[in-house]
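# Examining the three-dimensional arrangement
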Amino acid sequence: MIPIAYPLVLAVILFCMGIVGFLLRKNAIVIFMCLELMFNAANLVFITFANHYQVIDGQVFVVFVMTVAAAEVAVGLALMVTIFRTKQSIDIDQMNSLKG
Amino acid sequence: MTTGLFVFLTLAIIAITAAAGLILSRNTVYSALFLIINFLAVAVLYLIMGAPFIALAQITIYAGAIMVLFLFVIMLLGAEKPKEIEQMKWQRPLAFVLGGAILVEGVYALLTRVSITVTTNPASEILADPKTLGISLYTKYSLPFEIASVILLVAAIGAVVLTRMPKKDKGQ
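Presented here is a report on the structure given in the accompanying data block. (Residues numbered from 1 in each chain as written. Chains lettered and ligands numbered in written order. Predicted model: local features only at pLDDT ≥ 70, side-chain atom pairs only at ≥ 80, totals over all residues.)

When its secondary structure is counted, chain A shows 3 helices and 0 strands. Starting at the N terminus and walking to the C terminus, you meet the elements of chain A as α-α-α. Taken over the C-alpha trace, chain A has a radius of gyration of 17 Å; the compact-globule value for 100 residues is 13 Å, which it surpasses by more than 25%. Projected onto its principal axes, the C-alpha coordinates of chain A cover approximately 55 × 25 × 15 Å. Here chain A, with 100 residues, has 52% of them falling under the buried criterion. (Helix = DSSP H or I, 4+ residues; strand = E, 2+ residues; numbered from the N terminus. Rg over C-alpha atoms; globule rule 2.2 N^0.38 Å. Buried ≥ 20, exposed ≤ 12 C-beta atoms within 10 Å, placed from the backbone.)

In structure tokens, the structure reads:
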């Protein structure tokens, strides 16, 4: 079996790629996808430790993280659609005022 | 090299390459497709770590439902190739420096706390059984489960309210 440090290091790498993408990109939808990448890295850590300690609780938490991620994506993409309607752009540099 | 390690390294390389494709691809649709590849690779990783229910939930919820939502919105907005105008020249190098700093810090913190000799357990019968997960979800975690359902309801109502057309368009 694989050393437990390997999946954890993979999770750190994926999380940091999510952060870099979050800071690099100007497209709001890609920023949302980078958020999903970070959620995914967190889930990987939960599953790794659930496997390590042989308890089911880690997997239960992954279910909750998935639920919150789904809710966040639904609201976030609805916001994107609304912002695109008023500003005709999803560039986050354009979103510098609250009133359209 | 054992078979498990080989499978893990292959999946890790696929996941990291897909993540790099996600953040570097100019076309938003390609980014979404790279993210699906990443989710699939991580799902197989869950499978070899003895969480088959979570692996399949990952494929149906993330790679299925959420990414379809993303692709629909990308195509609805026609945002496949938006122009990305660089307003702050220092932002790009700073992003790499800060991301790299967190990477080094995280790997250091892990390797000093988690021993390299500890290995993952082979897939066990109890942990892999969806029945155990279900019992835990409906007994020990029943309150968080109910709260999660309320969160989903609020998100659904919020999405409908946010995307509703203004009233004046309806009247005409």
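Here the narrative resumes, following the displayed structure.
The interface of chain B with chain A comprises 73 residues on the first partner and 62 residues on the second. Residues of the side of chain B that touches chain A, tallied by class, amount to 54 nonpolar, 17 polar and 2 charged. (Contact = placed C-beta atoms within 7 Å. Nonpolar A, V, L, I, M, F, W, Y, C, P; charged D, E, K, R; others polar.)

Below, the discussion takes up the packing of helix α3 (residues 57-87) of chain A against helix α3 (residues 52-77) of chain B. Here α3(A) crosses α3(B) at 5 degrees, and the two axes come no closer than 11 Å. Classified by the angle their axes make, α3(A) and α3(B) are roughly parallel. Along its contact with α3(A), which presents Q59(A), V62(A), M66(A), A70(A), V73(A), L77(A), M80(A), V81(A) and F84(A), the element α3(B) presents I54(B), A57(B), I61(B), A65(B), I66(B), L69(B), V73(B), L76(B) and L77(B). Taken together, the residues that form the contact of α3(A) with α3(B) break down as 17 nonpolar, 1 polar and no charged. (Axes fitted to C-alpha atoms, helices over the stretch in contact; angles between N-to-C directions. Parallel < 35°, antiparallel > 145°, perpendicular 65-115°, else oblique.)

The next thing to look at is the environment of T10(B). Residues and elements named next belong to chain B. Tracing the backbone through its elements, the reader meets T10 in helix α1 (residues 3-24). C-beta crowding within 10 Å serves as the criterion here: with 12 such atoms nearby, T10 is assigned to the exposed category. Along the sequence, T10 and I102 sit 92 residues apart, while their C-alpha atoms lie 24 Å from each other.

In terms of backbone geometry, most residues other than glycine have negative phi values and most peptide bonds are trans. All names here are of chain A. If you check the backbone angles, Q54 has positive phi at about 55 degrees while not being a glycine. Turning to its location among the elements, Q54 is positioned in the loop between α2 (28-53) and α3. By the C-beta count within 10 Å, which is 12 here, Q54 ends up exposed. You will see that Q88, though not glycine, has its phi angle at about 60 degrees, which is positive. Within the secondary structure layout, Q88 lies in the segment after α3. For Q88, a count of 9 C-beta atoms within 10 Å puts it in the exposed group.

This paragraph deals with the nonpolar core. Residues L14(A), I29(A), M33(A), L37(A), I47(A), A15(B) and Y46(B) are the most contacted members of the largest nonpolar core, which totals 76 residues. Those elements that place two or more of their residues in this core are α1 (5-24), α2 and α3 of chain A together with α1, α2 (28-48), α3, α5 (125-128) and α7 (142-163) of chain B. By residue number, the principal contributor to this core is α2(A), which donates 13 residues. (Core = buried A, V, L, I, M, F, W, Y, C linked by C-beta atoms within 7 Å.)

To continue, consider α2(B). Residues and elements named next belong to chain B. With 21 residues, α2 extends 31 Å between its outermost C-alpha atoms, agreeing within 8% with the 30 Å of an ideal straight helix rising 1.5 Å per residue. Burial runs high along α2: 15 of the 21 residues are buried. Positive phi appears at G50, one or two residues downstream of α2, with a value of about 75 degrees. (Expected span 1.5 Å × (residues − 1).)

At a minimum axis distance of 12 Å, the contact between α2(A) and α3(B) shows a crossing angle of 175 degrees. In terms of orientation, α2(A) and α3(B) fall into the roughly antiparallel class. Across the interface between the two elements, I29(A), M33(A), E36(A) and I47(A) from α2(A) touch I54(B), I66(B), F70(B), V73(B) and I74(B) from α3(B). For the contact of α2(A) with α3(B), a count of residues per class yields 8 nonpolar, no polar and 1 charged.

Moving on, we come to the environment of V104(B). Inspection of the secondary structure assignment puts V104(B) in helix α4 (residues 91-113). The class of V104(B) is exposed, set by 12 C-beta atoms lying within 10 Å.

None of this, on its own, says anything about what the molecule does.
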